[in-house]
Amino acid sequence: MTGSKPLPGVLRWNLGDLTVTALNDGWFQASLDLVTGISKEEAGRLQRAGFRTEQPKITLNAFLITGPGLKPTLIDTGYGDLAPAPTLGRAGAALALTGVAPEEIGTVLVSHLHPDHVGGLVKDGAARYPNAEIVLHADEAAHWLPDEALAKAPEGAKPYFEGARKAVAPYAGRVREHRGGEVLPGITAVHLPGHTPGHCGFRIVSGGQALMMWTDVVHMPAIQFKNPEAGVGFDVDGDQARETRKTILDEVARERTLIAGGHLEFPSLGYVDRDGAGYSFVPALWVGGE
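Rules used throughout
- Residues numbered from 1 in each chain as written.
- Predicted model: local features only at pLDDT ≥ 70, side-chain atom pairs only at ≥ 80, totals over all residues.
- Heavy atoms only, no water.
- Phe/Tyr/Trp six-rings, centres within 6.5 Å; stacked < 30°, edge-to-face > 60°.
- Helix = DSSP H or I, 4+ residues; strand = E, 2+ residues; numbered from the N terminus.
- Buried < 20%, exposed > 50% of the residue type's maximum accessible area, 1.4 Å probe, protein only.
- Expected span 1.5 Å × (residues − 1).
- Arc of directions from axis to C-beta.
- Polar contact = N/O pair within 3.5 Å; in protein donor to acceptor, adjacent residues only side chain to side chain.
- Core = buried A, V, L, I, M, F, W, Y, C linked by side-chain atoms within 4.5 Å.
- Contact = heavy atoms within 4.5 Å.

*Asks:* Go over the packing of aromatic side chains, please, and point to the residues and values.
*Replies:* On inspection of all chains with the given rule, the structure shows three aromatic pairs. Their ring planes at 50 degrees and their centres at 4.6 Å tell us that tryptophan 144 and phenylalanine 161 sit as a pair that is tilted. Residue tryptophan 144 is found in helix α4 (residues 138-144), and its partner phenylalanine 161 is found in helix α6 (residues 158-168); the two are separated by 17 residues along the sequence. Tryptophan 144 sits in the buried class, given a relative accessible area of 3%. Considering the side-chain rings of phenylalanine 225 and phenylalanine 281, the 5.6 Å spacing of their centres and the 20 degrees angle between planes classify their relative orientation as stacked. With a gap of 56 residues between them, phenylalanine 225 in the loop between α7 (221-224) and β15 (231-232) and phenylalanine 281 in strand β18 (residues 278-283) connect regions that are remote in the sequence. We classify phenylalanine 225 as buried; its relative accessible area is 2%. One aromatic cluster is present, built from ring pairs that chain together Trp214, Phe225 and Phe281.

If you want it as structure tokens, here you go:
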């Protein structure tokens, strides 16, 4: 991979009557020091076996959903102005290529309140999506947003709490909390706790077809598919995240469900297959667009 700033990445995918568009926000350089639950040596071996550099680059995606009876809807927003590196913050430019203006976005489904997923909610201190309703799990709001949560947060974690509050603040009066279940017609929030308390995926169903957007179940595909014991250092509850990952991997492999992820390599759509004691990711076949 060359160059310091990637071009916007956009790929449309038909799902029944809906169109799901993957919006690539870019990538950031990570380290095997982030990996928990397995040895650093094993993590490096899995990276090399997966034809990746030993020092992983983590991809970041958001998603746009459009179709009849649904105002344009985003799942997450990327880093936006909070991008810590020039290789990030491209979801807004990717959205522009779709022809959907920020003012047309009716809903932003928030998977969780980490900055790489909600930083793009804000532009110059104001709502980037001025007509959008923000939808997030009640446990996520309770963990990050109250004043007392910020006051009790460890010093090193306070920037995460402050960033979450700044991202949501411009949408005061337009925030809807849920506890799972249908959040929009054909879209169901699936609670996948551990990475954060209210971390959610979204199951999208249309015309007899389904897609599970599982957000941050997997951050490092070469490592965590092969060995689901592996977690990442920014899991709020590593043990719970590990159990959630094992459960959802087993489910989507067994049911042969089309999935997408916030940190799977763009465009991230594909399937999960059993592979010995672990799993493999099988990219969906793309045969051309409209």
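*Asks:* Explain helix α8 (residues 238-255) to me, using residue names and the numbers behind them.
*Replies:* With 18 residues, α8 should reach 26 Å at 1.5 Å per residue; the first-to-last C-alpha distance of 26 Å fits that figure. Taken together, the buried positions of α8 are Ala241, Arg242, Thr244, Arg245, Ile248, Leu249, Val252 and Ala253. Taken end-on, α8 shows its buried residues confined to a sector of 165 degrees, consistent with a single buried face. Summarising the geometry of α8, the exposed residues directed more than 90 degrees from the buried face are Asp239, Thr247 and Arg254. Regarding α8, its N-cap is aspartate 237, as a side-chain oxygen of that residue lies 3.3 Å from the backbone nitrogen of aspartate 239 further along. Count one or two residues on from α8 and you reach arginine 256, which has phi positive near 55 degrees.

*Asks:* Outline the nonpolar core, supporting the account with residue identities and numerical values.
*Replies:* By size, the foremost hydrophobic cluster in this structure holds 27 residues, and its most contacted members are Leu74, Ile105, Val108, Leu113, Leu121 and Tyr129. The element contributing the most residues to this core is α6, with four residues. In contact with leucine 113, not counting residues within four places along its chain, are Val118, Leu136, Glu140, Trp144, Leu145, Ala164 and Val168. In terms of nonpolar packing, the next biggest core, distinct from the first, is built from 25 residues, Leu70, Val183, Ile187 and Ala284 among them.

*Asks:* Break down the environment of phenylalanine 281 for me, with residues and values.
*Replies:* The exposure class of phenylalanine 281 is partly exposed, given its relative accessible area of 25%. Measuring from C-alpha to C-alpha, the distance between phenylalanine 281 and leucine 192 comes to 19 Å, with 89 residues separating the pair along the chain. Sequence-distant contacts of phenylalanine 281, that is, excluding residues within four places in its chain, are made with Phe225, Ile259, Leu264, Ser268, Leu269, Gly270 and Tyr271.

On their own, these measurements won't tell you what the molecule is for.
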